[in-house]
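# Architecture and fold: a report
Now for the letters of each chain:
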Amino acid sequence: GDSVTQTEGLVTLTEGLPVMLNCTYQTIYSNPFLFWYVQHLNESPRLLLKSFTDNKRTEHQGFHATLHKSSSSFHLQKSSAQLSDSALYYCALRGTQVVGQLTFGRGTRLQVYA
Amino acid sequence: GPKVLQIPSHQIIDMGQMVTLNCDPVSNHLYFYWYKQILGQQMEFLVNFYNGKVMEKSKLFKDQFSVERPDGSYFTLKIQPTALEDSAVYFCASSLVGGASETLYFGSGTRLTVL
């Protein structure tokens, strides 16, 4: 079945440094969609980014990611971390035909320090 | 942005009892979902619901689970009877349409503890 791997459980950074959160996936579906959700403390997971076509970069709120089917990856990046970026980040895959079925990774907690 | 509300945020019950988790989806959305997240693990799809019916459910959606949305009110997940392994955070989500790239809007979850 489908799977998503987020290799880091916790990433700690000093404010101003670049952010990269890893996400790789496995699916037999030839046209997957990948998503990044962010969950701040005591809030709902909300969509941060979603993929478009292969090798096309998508950006929102300073974050960006590019779907690379060749490496089955959709890493999340930001050039300069802010304190407010501290949150839990989930990578999710829509690989099946089942409506609304996302396969989530375990999440990466990003902690940004001053 | 659009919000999905879940009530209650926490629920503690004794094993064998019935529990109903309530979800108020985004008002014009047509598709509804439940996900389950056991502590330390990833969120996992349970079920989707459209036009008054379950379309698909995962193997995690046990016979003791049921969902409904009577007359456009809350979208509910009922567990009867509960078991210890049902302890988890349950997330409700909704979407306007069911396309592959459609955004799901999640609630903040109900933490269910079965004693």
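So, here's what we can say about the structure. Nothing here was measured: the structure is a model prediction, and the numbers come from that model.

## Some thoughts on the side chain of Thr66(A)
Residues and elements named next belong to chain A. With respect to the helices and strands, threonine 66 occurs in strand β8 (residues 63-66). By relative accessible area, which is 18% here, threonine 66 ends up buried. Here threonine 66 is in contact with Asn55, Lys56, Arg57, Ser73, Phe74 and His75, once residues within four sequence places are set aside.

## Side note on the nonpolar core
Residues Leu34(A), Trp36(A), Leu48(A), Leu76(A) and Tyr89(A) are the most contacted members of the largest nonpolar core, which totals 24 residues. Mapped by element, the contributors of at least two residues to this core are β2 (10-14), β3 (19-21), β5 (33-39), β6 (46-50), β8, β10 (87-94) and β12 (108-113) of chain A. Considering every element that reaches this core, the biggest residue donor is β10(A), with four residues. Sequence-distant contacts of Leu48(A), defined by excluding residues within four places in its chain, comprise Trp36(A), Tyr37(A), Val38(A), His60(A), Gln61(A), Phe63(A), Leu76(A) and Tyr89(A). Ranked by size, the runner-up nonpolar core spans 22 residues in total, among them Val26(B), Ile79(B), Tyr90(B) and Leu112(B).

## A few points about the pattern of salt bridges
Under the definition given, this model contains four salt bridges over all chains. Put simply, Arg57(A) and Glu59(A) hold a salt bridge, and the shortest N to O gap is 2.9 Å. Looking at Arg57(A), the relative accessible area reads 43%, which means it is partly exposed. In this structure, Lys62(B) engages Glu85(B) in a salt bridge whose closest nitrogen and oxygen atoms are separated by 4.0 Å. Placement of Lys62(B) in the loop between β6 (53-57) and β7 (65-68) and of Glu85(B) in the loop between β8 (75-79) and β9 (88-95) is noted, with a sequence separation of 23 residues between them. The class of Lys62(B) is partly exposed, set by a relative accessible area of 23%. A single network of salt bridges, built from pairs that share partners, joins Lys62(B), Glu85(B) and Asp86(B).

Analysis parameters
Residues numbered from 1 in each chain as written. Chains lettered and ligands numbered in written order. Predicted model: local features only at pLDDT ≥ 70, side-chain atom pairs only at ≥ 80, totals over all residues. Heavy atoms only, no water. Helix = DSSP H or I, 4+ residues; strand = E, 2+ residues; numbered from the N terminus. Buried < 20%, exposed > 50% of the residue type's maximum accessible area, 1.4 Å probe, protein only. Contact = heavy atoms within 4.5 Å. Core = buried A, V, L, I, M, F, W, Y, C linked by side-chain atoms within 4.5 Å. Salt bridge = Lys/Arg side-chain N within 4 Å of Asp/Glu carboxyl O.

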